[in-house]
Amino acid sequence: MPNKVIVGLDGSGADVSAADWAAQEAELRGAELDLLHAEDWPEYAPFAAPLPEARRRWTDDLLAGTRQRLAAAHPALAIRTHRIDGRAVSDALAAAAAEADLLVLGSRRFGAVAGFFVGSTGADTIPRTETPVVLVRAAADPGSTAGQGVEDGPVVLAVDLRSTCDRLIAFACEEAHRRSCPLVVIHGWSPPPVFAYAPAFDPGVEREIADGLQATLLERLSPWQLKYPRLTVDARAVIGRPAVQILEAASGAALVVVGRRIRRSALGTHIGPITHAVMHHAASPVAVVAHD
């Protein structure tokens, strides 16, 4: 597979921040950067109609202008542009992502309470590809770096100890290693329901459960700490709703990494509630990594 980062452009303000983040990531990886624009055709269109000339010129200007801007800021970066016509956007992005290491998309800002809007393109594309997808928040002000993460912040990883997530851990460790920043690993958990119905239940049992989960988490991370001996890892098995714990840890993060289970069945694909919450409410860039 070529060493490549793809960023989807749609002409919105959100794709400006996404393109800037993707260029920085491509430099960190020593990868080439592909700028991709896909026309928003219906998924079941009976035929592919040609683009109007004005729309084609707008697309070409979008790609050329973004390439020129990024090339000025990253003169050593190899940048290519692509336009895909006549396919649904999510199909086009997923097909392109299959030939890349990373797909980067923008998301719009709703506000402090409502969070961020991933949009139908991101929500439809993520379940269709096993390539990691990073959602980058639109900057609050033009020229601002808000939404692109904090350069000296940690990489925050959410793990579920009930699943096999080596691919997820590998991605987060590699990202933290590239940035020479700490890795914060969060496993959120809640006490068994019996605690709610048995007030006299030995409080020491809760501590034993917490200690056991912490030990399991450290054991799960042990091989990766051997592989990345210089990586600072802060592993936390914390009581509370997982999404809340992850979002609290994600404040000021360079990148937040969450997982999506790969489901190969007639039931189709699914993004879990914790990943969904982080996608829509974390202010930092969010990487969604598919895993078994």
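Since the structure is predicted, the reported quantities are computational estimates derived from the model, not experimental observations. Along each chain, numbering runs from 1 in the same order as the chain's sequence is written. Selection of residues for local features in this predicted model requires a pLDDT of at least 70, selection of side-chain atom pairs for listing and counting requires 80 or more, and totals for whole chains, interfaces and linings are taken over all residues. Based on all heavy atoms of the structure, the side-chain values leave hydrogens and waters out of the count.

To continue, consider the packing of helix 8 (residues 242-249) against helix 9 (residues 273-281). Relative placement of two packed helices is described by the angle separating their axes and the distance separating the axes. Lines fitted to the C-alpha atoms define the axes, with helices restricted to the stretch that makes contact. Angles between their N-to-C directions range from 0 to 180 degrees. Working definition: helices are DSSP H or I runs of at least four residues, strands are E runs of at least two. Numbering for both runs from the N terminus. Closest axis-to-axis distance for the helix 8/helix 9 pair is 9 Å, and the angle between their directions is 35 degrees. For the crossing formed where helix 8 meets helix 9, the hand is right-handed. Residue-level inspection shows Pro242, Ala243, Ile246 and Leu247 of helix 8 in contact with helix 9, the latter providing Ile274, Ala277, Val278 and His281. Classification used: nonpolar for Ala, Val, Leu, Ile, Met, Phe, Trp, Tyr, Cys and Pro, charged for Asp, Glu, Lys and Arg, polar for all others including Gly. Residues of the contact of helix 8 with helix 9, tallied by class, amount to seven nonpolar, one polar and no charged. Put simply, a crossing is left-handed when the front helix is turned counterclockwise from the back one by less than a right angle, and right-handed when it is turned clockwise. Contact criterion: two residues are considered in contact whenever any of their non-hydrogen atoms come within 4.5 Å of each other.

A word on the pairing of strand 8 (residues 183-189). Within strand 8, seven of the seven residues are buried, which leaves it mostly tucked inside the rest of the structure. The alternating pattern of strand 8 places Leu183, Val185, His187 and Trp189 on one face and Val184, Ile186 and Gly188 on the opposite face, and all of these are buried. Note on pairing: DSSP must find at least two bridges between two strands before they are called paired. As paired elements, strand 7 (residues 155-158) and strand 8 share four bridges and run parallel to each other. In the sheet register, Ala158 faces strand 8, and the bridge partner there is Ile186. Seen with its strands pointing away from the viewer, a crossover is right-handed when the path leading from the first strand over the helix to the second is clockwise. Once you follow strand 7 into helix 5 (residues 166-179) and on to strand 8, the crossover reads as right-handed. With seven bridges connecting them, strand 8 and strand 9 (residues 233-239) associate as parallel partners. The partner of Leu183 across the bridge, within strand 9, is Val233. Summary of the burial criterion: residues with accessible area below 20% of their type's maximum are buried, those above 50% are exposed, and those between are partly exposed, where the area comes from a 1.4 Å probe applied to protein chains only.

Relative to the helices and strands, Glu206 resides in helix 7 (residues 203-227). Residues Glu206 and Ile239, spaced 33 residues apart in sequence, show a C-alpha to C-alpha distance of 9.7 Å.

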